[in-house]
Amino acid sequence: MEALKVKEMMKREVPQVKTIKIEPACMRYGVGRNTMRKIAEDAGAVVRIGKSYLINVSKVDKYMDSLSGNE
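Report on the accompanying structure. (Residues numbered from 1 in each chain as written. Predicted model: local features only at pLDDT ≥ 70, side-chain atom pairs only at ≥ 80, totals over all residues. Heavy atoms only, no water.)

1. Quick look at the overall build of the chain
Here's step 1: Secondary structure assignment for the chain yields four helices and three strands.
Here's step 2: Of the contacts formed within the chain by residues at least 6 apart in sequence, a portion of 43% connects residues at least 24 apart.
Here's step 3: Per element, the accessible surface of the chain, about 5900 Å² overall, is 54% carbon and sulfur. (Helix = DSSP H or I, 4+ residues; strand = E, 2+ residues; numbered from the N terminus. Contact = heavy atoms within 4.5 Å. Areas by Shrake-Rupley, 256 points an atom, 1.4 Å probe, with all protein chains shown as cover.)

This is how it looks when you write it as structure tokens:
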């Protein structure tokens, strides 16, 4: 019975991350910190919680798509 519960828990999908910190964003998009901050601000994707500077990934993705014409 316990093994069945563990298997079901392992099958559950991990929710998609909506925001990431600046360093992972830089690695994801292949740009530096200053450029990433500028892109995030232009896209309206900056989320500040206290001292944390987070970037909304879906907004940046849409912004990048609009720049490349892939809307």
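2. Quick word on the pattern of salt bridges
When the charged atoms of two side chains with opposite charge come close together, those side chains can pair.
Here's step 1: Under the definition given, this model contains three salt bridges.
Here's step 2: Here R33 makes a salt bridge to E23, at a shortest N to O gap of 2.3 Å. Of this pair, R33 sits in helix α3 (residues 33-43) while E23 sits in helix α2 (residues 22-29); the two residues are 10 residues apart in sequence, bridging distant segments of the chain.
Here's step 3: Residue classification places E23 among the partly exposed residues on the basis of a relative accessible area of 40%.
Here's step 4: We note a salt bridge from K38 to D42, for which the minimum N-O separation is 3.0 Å. One end of the pair, K38, and the other, D42, are both in helix α3, four residues apart, so they sit about a helical turn from each other. (Salt bridge = Lys/Arg side-chain N within 4 Å of Asp/Glu carboxyl O. Buried < 20%, exposed > 50% of the residue type's maximum accessible area, 1.4 Å probe, protein only.)

3. Here we look at the environment of V57
Here's step 1: As for its position among the elements, V57 is in helix α4 (residues 57-68).
Here's step 2: Placed 32 residues apart in sequence, V57 and A25 show a C-alpha to C-alpha distance of 8.0 Å.

4. Side note on the packing of aromatic side chains
Two aromatic rings, taken as a pair, are described by how far apart their centres are and by the angle between their planes.
Here's step 1: Scanning the model with the defined rule gives zero aromatic pairs in all.
Here's step 2: Taking NZ or CZ as reference, R37 lies 4.3 Å from the ring centre of Y53, over its face. (Phe/Tyr/Trp six-rings, centres within 6.5 Å; stacked < 30°, edge-to-face > 60°. Lys NZ or Arg CZ within 6 Å of the ring centre and 35° of its normal.)

5. Comments concerning the nonpolar core
Here's step 1: Within the largest apolar cluster, 14 residues are counted, with the highest numbers of intra-cluster contacts made by I22, M36, I55 and V60.
Here's step 2: Among the secondary structure elements, those contributing two or more residues to this core are α2, α3, β3 (52-56) and α4.
Here's step 3: With sequence-adjacent residues up to four places away left out, I55 is seen in contact with K18, T19, I20, I22, A25, M36, A40, A45 and V60. (Core = buried A, V, L, I, M, F, W, Y, C linked by side-chain atoms within 4.5 Å.)

6. Section: the sheet that holds strand β1 (residues 19-21)
Here's step 1: Strand order in the open sheet formed by three strands is β1-β3-β2, with antiparallel pairing between adjacent strands. Two strands bound the open sheet, and with one partner strand each, they are β1 and β2 (46-49). Each neighbouring strand pair of the sheet contributes to a mean axis angle of 40 degrees, computed without reference to strand direction.
Here's step 2: The pairing of β2 with β3 spans four bridges and is classified as antiparallel. Paired with I49 across the two strands is S52, which belongs to β3.
Here's step 3: This element, α2, spans β1 and β3 of the sheet and lies at about 100 degrees to β1.
Here's step 4: The sheet strands contacting α4 are β1 and β3, and the helix crosses β3 at an angle near 50 degrees. (Pairing = 2+ DSSP bridges. Axes fitted to C-alpha atoms, helices over the stretch in contact; angles between N-to-C directions.)

The analysis is restricted to geometry; functional conclusions fall outside its scope.
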